[in-house]
Amino acid sequence: MPYHKTINIKKKSCLLVRLVYLSISIIYTLIQTACEHPYNFDFFKQNDTILVVEGMITNENKKHYIYLSRLSGYNDTLNRPVSRAFIAVTSNDSTFYYHEDSTNHGQYYSRKPFVGVTGNTYNLHIEIGKKIYSAHCNMLPVTPPDTITFFHHDNGTLSIDHVAPSLVTSNPAMYQLQLDWSNVEGFEQLPHNETSATMYFYSLTTVDISQLFIPKIQTIYFPPGTRIIERKYSINTDYELYLRTLLAETQWSGGFFDEAHGNLHTNIDNNAAGYFAACTVYADTIYAK
């Protein structure tokens, strides 16, 4: 019996040694793989050939614009305008030709002012060399905006309280507020960038988690008597999708619940980026008080 016990003890000792050796090997492997190593990130240089289109048709009587540029690299902050393009916009039996601004390359304006018509579909046609790009967008009607309300602060200044609900069941819209208090007493001699501001607000038919927990943004303070030009833009379902993806990458980014980053929605074909929109605009001027 003692002989058999000795044999069992030896077997157990061998098994224990093997387990210890295996554990050491696993720990060593984990330590080795946990070390930091340099990684050369590919900054997507191949994307610098992608065309970016920015343009909008409205029911305002003016020369409408189209901006053309190339997608910049990851850490490239320079604008890459695209010149010598042929651009035309058609709707029903009307054709509107665009020409490039002589002092601002990549910026194209309709040769003559025209008014977009609510209910029409506008088709964009771009030729750059042998490549052709196109897009279309229908112009929906717009409803009158809500009444703007203000916060009154103890130091006598104001800030925006309410422009529009962020969630609506129908008729999504984009709002632009242009504030100017350069003519208010005591502010006449200040530089333009200290007496003006532009703000954007959005009413969308869906709510994203990143929208509910957006980072805190700067509050704009202004004096009573500030002139506010409000523009409310109608947006269709497709343009709303573009704006949602744009906001997720910009204004809503950096919060507690960021969404996975990705490419923005677009209605430009031929692997281009950007968006061509057609919006009915309701414009009004008020004075803050």
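Residues numbered from 1 in each chain as written. Predicted model: local features only at pLDDT ≥ 70, side-chain atom pairs only at ≥ 80, totals over all residues. Heavy atoms only, no water.

**A look at the overall build of the protein chain**
Here is step 1 of the chain: Across its full length, the protein chain carries three helices and 14 strands.
Here is step 2 of the chain: Across the protein chain, contacts joining residues at least 24 apart in sequence account for 66% of those joining residues at least 6 apart.
Here is step 3 of the chain: Looking at the protein chain as shown, the accessible area adds up to about 18700 Å², and 56% of this sits on carbon and sulfur atoms. (Helix = DSSP H or I, 4+ residues; strand = E, 2+ residues; numbered from the N terminus. Contact = heavy atoms within 4.5 Å. Areas by Shrake-Rupley, 256 points an atom, 1.4 Å probe, with all protein chains shown as cover.)

**Quick word on the nonpolar core**
Here is step 1 of the chain: Ranked by internal contacts, the top residues of the largest apolar core, which has 39 residues, are Leu 68, Leu 124, Tyr 239 and Phe 276.
Here is step 2 of the chain: Secondary structure elements with two or more residues in this core: strand E1 (51–58), strand E2 (65–70), strand E3 (86–91), strand E4 (94–100), strand E6 (121–128), strand E7 (131–138), helix H3 (237–249) and strand E13 (273–279).
Here is step 3 of the chain: At five residues, the largest contribution of residues to this core is made by E13.
Here is step 4 of the chain: Every residue in contact with Tyr 239, bar those within four places of it in the chain, is listed here: Met 56, Met 174, Tyr 275, Ala 277 and Cys 279.
Here is step 5 of the chain: Counting residues in each nonpolar core, the second largest holds 17 residues, with Ile 160, Ala 173, Met 199 and Phe 222 among its members. (Core = buried A, V, L, I, M, F, W, Y, C linked by side-chain atoms within 4.5 Å. Buried < 20%, exposed > 50% of the residue type's maximum accessible area, 1.4 Å probe, protein only.)

**Comments concerning the sheet that holds E13**
Here is step 1 of the chain: Taking strand neighbours across the sheet as the criterion, the eight strands line up as E7-E6-E3-E4-E5-E2-E1-E13 in an open arrangement whose pairing is mixed. The open sheet has two free edges, formed respectively by E7 and E13, since each of these has just one partner strand. Ignoring strand direction, the axes of neighbouring strands in this sheet form an average angle of 20 degrees.
Here is step 2 of the chain: When E1 meets E2, the two strands line up antiparallel, connected through six bridges. Counterpart to Leu 51 in the pairing with E2 is Arg 70.
Here is step 3 of the chain: The sheet strands contacting H3 are E1 and E13, and the helix crosses E13 at an angle near 135 degrees. (Pairing = 2+ DSSP bridges. Axes fitted to C-alpha atoms, helices over the stretch in contact; angles between N-to-C directions.)

**Regarding the pattern of salt bridges**
Where charged atoms from two side chains of opposite charge approach closely, those side chains can pair.
Here is step 1 of the chain: Evaluated as defined, the whole model comprises three salt bridges.
Here is step 2 of the chain: Among the salt bridges present, the one from Lys 62 reaches Glu 60, with a minimum N-O distance of 3.4 Å.
Here is step 3 of the chain: We classify Lys 62 as partly exposed; its relative accessible area is 33%.
Here is step 4 of the chain: Note that Arg 227 and Asp 180 form a salt bridge whose closest N and O atoms lie 3.5 Å from each other. Remark: Asp 180 occurs in strand E10 (residues 173–180) and Arg 227 occurs in strand E12 (residues 227–234); sequence separation between them is 47 residues.
Here is step 5 of the chain: Taking the relative accessible area as the measure of exposure, Arg 227 reaches 34% and is therefore partly exposed.
Here is step 6 of the chain: Here the salt bridges do not stand alone but share partners, grouping Glu 60, Lys 62 and Arg 231 into one network. (Salt bridge = Lys/Arg side-chain N within 4 Å of Asp/Glu carboxyl O.)

**Considerations on the side chain of Glu 240**
Here is step 1 of the chain: If you trace the backbone, Glu 240 turns up in helix H3.
Here is step 2 of the chain: In contact with Glu 240, other than residues within four places in its own chain, are Pro 172, Leu 204, Thr 205, Thr 206 and Ile 235.

**What to know about the confidence of the model for the protein chain**
Here is step 1 of the chain: Averaged over the protein chain, the pLDDT score is 85; the fraction of residues at 70 or greater is 75%.
Here is step 2 of the chain: Below pLDDT 50 for its whole length, residues 1–7 participates in zero contacts with residues either more than four positions away or in separate chains. (pLDDT = per-residue confidence, 0-100.)

**A word on the side chain of Ser 203**
Here is step 1 of the chain: Mapped onto the secondary structure, Ser 203 falls in strand E11 (residues 196–203).
Here is step 2 of the chain: Note on Ser 203: relative accessible area 1%, which makes it buried.
Here is step 3 of the chain: Of the polar contacts made by the side chain of Ser 203, one reaches the backbone oxygen of Pro 165; its length is 2.5 Å.
Here is step 4 of the chain: Among residues more than four places away in sequence, those in contact with Ser 203 are Ala 164, Pro 165, Ser 166, Val 168, Pro 172, Ala 173 and Tyr 175. (Polar contact = N/O pair within 3.5 Å; in protein donor to acceptor, adjacent residues only side chain to side chain.)

**Here's the deal with unusual backbone geometry**
Here is step 1 of the chain: One non-glycine residue, Asn 171, lies in the positive phi region at around 55 degrees.
Here is step 2 of the chain: Residue position: Asn 171 is located in the loop between strand E9 (158–162) and E10.
Here is step 3 of the chain: Accessibility expressed as a relative area gives 48% for Asn 171, which makes it partly exposed.
Here is step 4 of the chain: Its identity is not glycine, yet Asn 270 carries a phi of approximately 60 degrees, on the positive side.

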